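Examining the three-dimensional arrangement
Okay, here's what each chain looks like letter by letter:
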Amino acid sequence: VVVSTAVSQDVSNYMDALGKIVARETVAIQPQVSGRITKIHFTDGANVRRGQLLFTIDPRPFEANLKQAQANLAKDAAAKKQAEANLAREVAREKWGLTQVERYRQLVEQGVVPSEQYQQLRAEYDTLKANTEAARAAVRSADETIKVDNAAIETAKVQLSYCYINSPIDGRAGQRLVDIGNVVNPGGSSNTESGAVSTNTLLVIERLDPIYADFTISQN
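Description of the structure in this document. (Residues numbered from 1 in each chain as written. Predicted model: local features only at pLDDT ≥ 70, side-chain atom pairs only at ≥ 80, totals over all residues. Heavy atoms only, no water.)

All right, on to the overall build of the protein chain then. Within the protein chain one finds two helices and eight strands. Along the protein chain, helices (α) and strands (β) appear in the sequence β-β-β-β-α-α-β-β-β-β when read from the amino end. Taken against the 2.2 N^0.38 rule, which gives 17 Å for 220 residues, the C-alpha radius of gyration of the protein chain at 37 Å runs more than 25% over that of a compact globule. In terms of overall dimensions, the protein chain has C-alpha extents of about 145 × 55 × 30 Å along its principal axes. Residues classed as buried in the protein chain amount to 26% of the 220 residues present. Looking at the protein chain alone, contacts between residues at least 24 apart form 82% of all its contacts between residues at least 6 apart. Carbon and sulfur atoms provide 49% of the accessible area of the protein chain, an area that totals close to 15200 Å². On the protein chain, the mean spot of the 25 positive side-chain charges and the mean spot of the 26 negative ones are 6 Å from each other. (Helix = DSSP H or I, 4+ residues; strand = E, 2+ residues; numbered from the N terminus. Rg over C-alpha atoms; globule rule 2.2 N^0.38 Å. Buried < 20%, exposed > 50% of the residue type's maximum accessible area, 1.4 Å probe, protein only. Contact = heavy atoms within 4.5 Å. Areas by Shrake-Rupley, 256 points an atom, 1.4 Å probe, with all protein chains shown as cover. Lys, Arg positive; Asp, Glu negative; His and termini not counted. Charge placed at Lys NZ, Arg CZ, Asp CG, Glu CD.)

And the structure:
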């Protein structure tokens, strides 16, 4: 019989397992507008920073759309000024018509002028009031049109910004999946966890700091 004295000490716990190193974040870069790739601003395998420019899609069509929207705004702003000038003129005419109606009403009460003349002026004043309301409606319509123009400008600016694709995270760029001159389109989906990449993906970026160790432990 072998006998030994028990000793108290730290014992390391360990186990054998298979595992793999996985990125903390993985992002598939996809276009949000259609167009031709004109510039690539990184090299394959390079470390990229959040906000760094990666791709440029031909911005000329979107710049043209923005200029068109801005031109529409300028045109409609000029139309609003004209409508406001028309309103001011119609308001002045209405005030003059009201003055005439009040004046002739007093003259009719005094018996100086016939009531028919007063009624005629009254009808003309009603027409002037209607013209003023129409002019006010034209100004309101111009205001709504300008709101639509401003919304179109904002939309055009957003579309133009999508021509410049920036990195959303810090990480390492994988192999680019497009070359300069390729036409790209938005849409589709990606599943980077399973390794499947959408056909419209331009690049996959993985964040490697920190990084995870994913172990698979089998139970017997």
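A word on the pairing of strand E4 (residues 53-57). Most of E4 sits out of view: four of its five residues are buried. In the sheet, strand E2 (residues 35-40) pairs with E4 via three bridges, with the strands oriented antiparallel. The residue of E4 that forms the bridge with Ile37 is Ile57. By the bridge criterion, three bridges tie E4 to strand E5 (residues 164-166) in an arrangement that is antiparallel. By the bridge assignment, Leu53 is partnered in E5 with Asn166. (Pairing = 2+ DSSP bridges.)

These figures capture arrangement, not role.
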